[in-house]
Amino acid sequence: MAETEIRVDPFPSHDEMDRLSRVAWQAEGPADPRAILSRSLVHLGAYAEGALVGFVNVAWDGGIHAFLLDPTVHPDHGRKGLGTRLVRRAAELAAARGAAWLHVDYEPHLAGFYRACGFRPTEAGLMRLQGDR
């Protein structure tokens, strides 16, 4: 397997994001990734042989709070440390760009992954704004 290159703020195309999302999440990618990513504190793309095989986005509040979103790794590149590399690098860059806190929401089966990335559990609240309440 080819070496994976991590690019900072690469602005992947709709087609690249859609291909990765469909294989990793069985869901369509964002309709306009550039509109979303233009407001990010940082985002990273992992590329192997020119193809997007990993991605993470860090949104922020314009102050000291940042939010880890959409950590995604192509299944063919999973379980090799790529997700951890992406998350750790995103955290480093978020701190360098002024964030003091990095938040993430995750499902219970991902707790070990996020713990290995350096997150610790905390209490939080969540309110559903659309769909079933």
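Below is a short write-up of the structure.

1. Some remarks on the environment of P108
Step number 1: One can find P108 in the loop between β5 (101–103) and α4 (111–117).
Step number 2: Between the C-alpha atom of P108 and that of G131, which follows or precedes it by 23 residues, the distance is 22 Å.

2. Overview of unusual backbone geometry
Excluding glycine, most residues fall at negative phi; most peptide bonds, likewise, are trans.
Step number 1: In this structure, Q26 takes a positive phi of about 55° despite not being glycine.
Step number 2: Mapped onto the elements of the fold, Q26 is located in the loop between α1 (14–25) and α2 (33–37).
Step number 3: Residue R79 is not a glycine yet carries a positive backbone phi of 65°.
Step number 4: Tracing the backbone shows R79 in the loop between β4 (65–73) and α3 (82–96).

3. Points about the packing of aromatic side chains
Step number 1: Across all of its chains, the model carries three aromatic pairs by this definition.
Step number 2: When the centroid spacing of 4.9 Å and the interplanar angle of 15° are considered together, the rings of Y106 and Y114 count as stacked.
Step number 3: Relative accessible area serves as the criterion here: at 30%, Y106 is assigned to the partly exposed category.
Step number 4: With a relative accessible area of 5%, Y114 lands in the buried category.
Step number 5: Following the ring pairs from residue to residue traces out a cluster consisting of Y106, F113, Y114 and F119.
Step number 6: In this arrangement the basic side chain of R7 is found over the ring face of Y47, its NZ or CZ atom lying 3.8 Å from the centre.

Criteria and thresholds
- The written sequence of each chain sets the order in which its residues are numbered from 1.
- Per-residue local features of the predicted model are confined to residues with pLDDT of at least 70, and side-chain atom pairs are confined, for both listing and counting, to 80 or more; whole-chain, interface and lining totals are unaffected and use all residues.
- For side-chain calculations, the full set of non-hydrogen atoms in the structure is used, while hydrogens and water are omitted.
- Secondary structure is summarised from DSSP: a helix means a run of H or I of at least four residues, a strand means a run of E of at least two, and numbering begins at the N terminus for each.
- Here the aromatic set is Phe, Tyr and Trp, taking the six-membered ring for Trp, and pairing holds for ring centres within 6.5 Å; pairs whose planes are under 30 degrees apart are stacked, those over 60 apart are edge-to-face, and all others are tilted.
- The classification of residues rests on relative accessible area computed with a 1.4 Å probe and restricted to protein chains. Under 20% of the type maximum is buried, over 50% is exposed, and intermediate values are partly exposed.
- Only Lys NZ and Arg CZ are tested; either one counts as a charge over a ring when it is within 6 Å of the ring centre and within 35 degrees of the ring normal.

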